[in-house]
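# Structural features, examined
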Amino acid sequence: MKADAAREIGSEFHWVGSPPEPCIRWHEPSAWFALGRGALQGICQKHRSGARGSVLHVPDYFCPEVVKSLRRAGIPLKSYADEPRWPHPHWDSLKPQKGDMVLVVNYFGVRSGRFWDAWLSGKRGVVTIEDHTHDPVSEWALTSRADYAFASLRKTLPIPDGAILWSPRARALPEPQQGGGLLGSALKLTAMVLKKSYLAAQHPDLSLKAIFRRLQVDGEAAMTEATAAGLSPWTRPVLSRGFPKNWRRKREANVWRILKLGAPWTQAKPLFDSWPHGHCPFNPVLLCSSEAARETLRLRLLRADIYATVHWPLNPPVSDHALDLSRRILTIPLDQRYDVADVDRIVSLIKLA
């Protein structure tokens, strides 16, 4: 990779091969899917086969693409009020019936599960499904008492596909469909290899970038068409060791550094500045003063080849609080790929916004 301090930061991972030891081992037993939404659909369809009329309750602040895929799969949905600015949902908006399912989200890996444990103590017959995508091996994930838990691993690890599903309560797990989804994963893997070459070049070839970007888009589309597919054979050995401890430490150190150096910013503030012991933040997340301020900052970073993202862009009809957050939030890409110089460069750019 280029030693140049102006290297690109963010966007999808490039290929790095097998992760370094030591690792935190995965939950066992587990089922492996290509996509997190495939694992979630598998749970819902398995449960609904024995519980007619069951509804899935989903936070109103959640990935819209996953919500669309659930609807396409014919899963009845109800929304409840929840978002990452709050320590827990507005409980009066969440009233599942016996046999219903509730999707529980650990936003950005910084929430505590104790509020959910307290709420669930009196909810017999309600099936809980925890989404630990933003920190798959947090203390909450490792000690979960949910019926099911899953994580889309390609959001935190350099792999073309991969999601893990397990049951802390030892419930039977759904099985992914075999044989589908390999084309999409293969395209994404090819894109990762080409991106590695692109980033390593002293003078990056923009035509190569156009090629791997096309492969990323086409691969994502192909994988989405095969939502219920299982893990690809080339990703399985990469994941076999677990989640590298050093990568989590580096993520957390980067978040601490940007929090330390960033205050005071005039147009943005951290969405969070603390998290439970044993958790690792997904990335630094900023809450801007307005949508215009967010776009000014996002475009400033983009012009510097820093690809900040929005988790998640929402459109009406959604609740006012969810729409407000989606218009002002910005995730800063400072995962294990990046070092102190990258953090400092981003901080300096944010202060100019």
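On a predicted model such as this, the values are computed, not experimentally measured, just so you know. (Residues numbered from 1 in each chain as written. Predicted model: local features only at pLDDT ≥ 70, side-chain atom pairs only at ≥ 80, totals over all residues. Heavy atoms only, no water.)

### Details of the overall build of the protein
Scanning the protein from terminus to terminus reveals 11 helices and 14 strands. Relative to the 2.2 N^0.38 estimate, which gives 20 Å for 353 residues, the radius of gyration of the protein is 20 Å and therefore close to what a compact globule would have. A buried classification covers 56% of the 353 residues belonging to the protein. Residue pairs at least 24 apart in sequence account for 73% of intrachain contacts in the protein once pairs closer than 6 positions are excluded. Accessible area of the protein: about 15600 Å², with a carbon and sulfur share of 53%. Taken together, the 48 basic and 34 acidic charged side chains of the protein have centroids lying 2 Å from each other. (Helix = DSSP H or I, 4+ residues; strand = E, 2+ residues; numbered from the N terminus. Rg over C-alpha atoms; globule rule 2.2 N^0.38 Å. Buried < 20%, exposed > 50% of the residue type's maximum accessible area, 1.4 Å probe, protein only. Contact = heavy atoms within 4.5 Å. Areas by Shrake-Rupley, 256 points an atom, 1.4 Å probe, with all protein chains shown as cover. Lys, Arg positive; Asp, Glu negative; His and termini not counted. Charge placed at Lys NZ, Arg CZ, Asp CG, Glu CD.)

### Remarks on helix H11 (residues 340-352)
Relative to the 18 Å expected for 13 residues at 1.5 Å per residue, H11 spans 19 Å between its end C-alpha atoms, a close match to the ideal helical length. Every buried residue of H11 is accounted for by Asp-342, Val-343, Arg-345, Ile-346, Val-347, Leu-349 and Ile-350. Packed against the buried residues of H11 are strand S1 (9-10), helix H8 (245-262), strand S12 (285-288), helix H9 (291-303) and strand S13 (306-307). Measuring from the side-chain oxygen of the N-cap residue of H11 to the backbone nitrogen of Ala-341 gives 3.2 Å; that N-cap residue is Asp-339. (Expected span 1.5 Å × (residues − 1). Polar contact = N/O pair within 3.5 Å; in protein donor to acceptor, adjacent residues only side chain to side chain.)

### What about the sheet that holds strand S11 (residues 268-270)?
What the three strands build is an open sheet, ordered S11-S12-S14; its pairing is antiparallel. Sheet topology places S11 and strand S14 (329-331) at the edges, where each strand pairs with a single neighbour. Strand-to-strand twist in this sheet, taken as the mean axis angle between neighbours without regard to direction, amounts to 30°. The strands that helix H10 (residues 320-328) touches are S12 and S14; relative to S14, the one it contacts most, it runs at about 50°. (Pairing = 2+ DSSP bridges. Axes fitted to C-alpha atoms, helices over the stretch in contact; angles between N-to-C directions.)

### Looking at the packing of aromatic side chains
The geometry of an aromatic ring pair is captured by the separation of the ring centres together with the interplanar angle, meaning the angle of the planes. Counting across every chain of the model gives 14 aromatic pairs. Between Tyr-107 and Trp-312, the ring centres sit 6.4 Å apart and the planes meet at 55°, which makes this aromatic pair tilted. Placement of Tyr-107 in the loop between strand S6 (101-105) and helix H3 (114-120) and of Trp-312 in the loop between S13 and H10 is noted, with a sequence separation of 205 residues between them. Like Trp-312, Tyr-107 is buried. (Phe/Tyr/Trp six-rings, centres within 6.5 Å; stacked < 30°, edge-to-face > 60°.)

### Quick word on the sheet that holds strand S3 (residues 30-33)
Taken together, the seven strands give an open sheet; going across it, the order is S3-S9-S8-S7-S6-S4-S5, and neighbouring strands pair in mixed fashion. Strands at the two margins of the open sheet, each flanked by one partner only, are S3 and strand S5 (77-80). Strand-to-strand twist of the sheet, defined as the mean angle between neighbouring strand axes without regard to direction, takes the value 25°. Pairing of strand S8 (residues 148-152) with strand S9 (residues 163-166) involves four bridges; the strand directions are antiparallel. Its bridge partner lying in S9, Ala-151 is registered against Ile-164. Relative to the sheet, helix H1 (residues 36-48) contacts S3, strand S4 (56-59), S6, strand S7 (127-131), S8 and S9, its axis offset from that of S8 by approximately 155°.

### Considerations on helix H2 (residues 64-72)
Residues Val-66, Val-67, Ser-69 and Leu-70 constitute the buried set of H2. Within H2, the buried residues cover an arc of 160° as seen down the axis, which keeps them to one side. Exposed and oriented more than 90 degrees from the buried face of H2 are Arg-71 and Arg-72. Contact partners of the buried residues in H2: H1, S4 and S5. Count one or two residues on from H2 and you reach Gly-74, which has phi positive near 80°. (Arc of directions from axis to C-beta.)

### Here we look at the confidence of the model for the protein
Scored by pLDDT, the protein has a mean of 94; 98% of the residues are at 70 or more. Note that pLDDT drops below 50 for residues 1-5; the model gives that stretch 11 contacts with residues more than four away or on any other chain. (pLDDT = per-residue confidence, 0-100.)

### Thoughts on the pattern of salt bridges
Under the counting rule described, the total for this entry stands at 22 salt bridges. Close ionic contact of Arg-154 with Glu-220 constitutes a salt bridge, the shortest N to O distance being 2.7 Å. Here Arg-154 is found in the loop between S8 and S9, whereas its partner Glu-220 is found in helix H6 (residues 206-225), with 66 residues between them in sequence. A residue is classified by how much of its surface remains accessible, and Arg-154, at 12% relative accessible area, is buried. Among the residues examined, Glu-220 registers a relative accessible area of 23% and is labelled partly exposed. Where salt bridges share partners, they join Glu-12, Arg-154, Lys-188 and Glu-220 into one cluster. (Salt bridge = Lys/Arg side-chain N within 4 Å of Asp/Glu carboxyl O.)

### Thoughts on the packing of H9 against H11
In contact at an axis separation of 9 Å, H9 and H11 are set at 135° when each is read in the N-to-C sense. Classified by the angle between their axes, H9 and H11 sit oblique to one another. Viewed along their axes, H9 and H11 form a crossing whose handedness is right-handed. Note on element contacts: H11 touches H9 through Ile-346, Leu-349, Ile-350 and Leu-352, opposite Leu-297, Arg-300 and Leu-301. Here the residues of the contact of H9 with H11 are counted per class, giving six nonpolar, no polar and one charged. (Parallel < 35°, antiparallel > 145°, perpendicular 65-115°, else oblique. Left-handed = near helix turned anticlockwise from the far one by under 90°. Nonpolar A, V, L, I, M, F, W, Y, C, P; charged D, E, K, R; others polar.)

### A short note on the environment of Ala-229
Examined against the element boundaries, Ala-229 turns out to sit in the loop between H6 and helix H7 (236-239). Residue Ala-229 is classed as buried on the basis of its relative accessible area, which comes to 2%. Placed 101 residues apart in sequence, Ala-229 and Thr-128 show a C-alpha to C-alpha distance of 23 Å. In this view, Ala-229 contacts Phe-33, Ala-34, Pro-176, Gln-177, Gly-180 and Gly-181; residues no more than four positions away in its chain are not counted.

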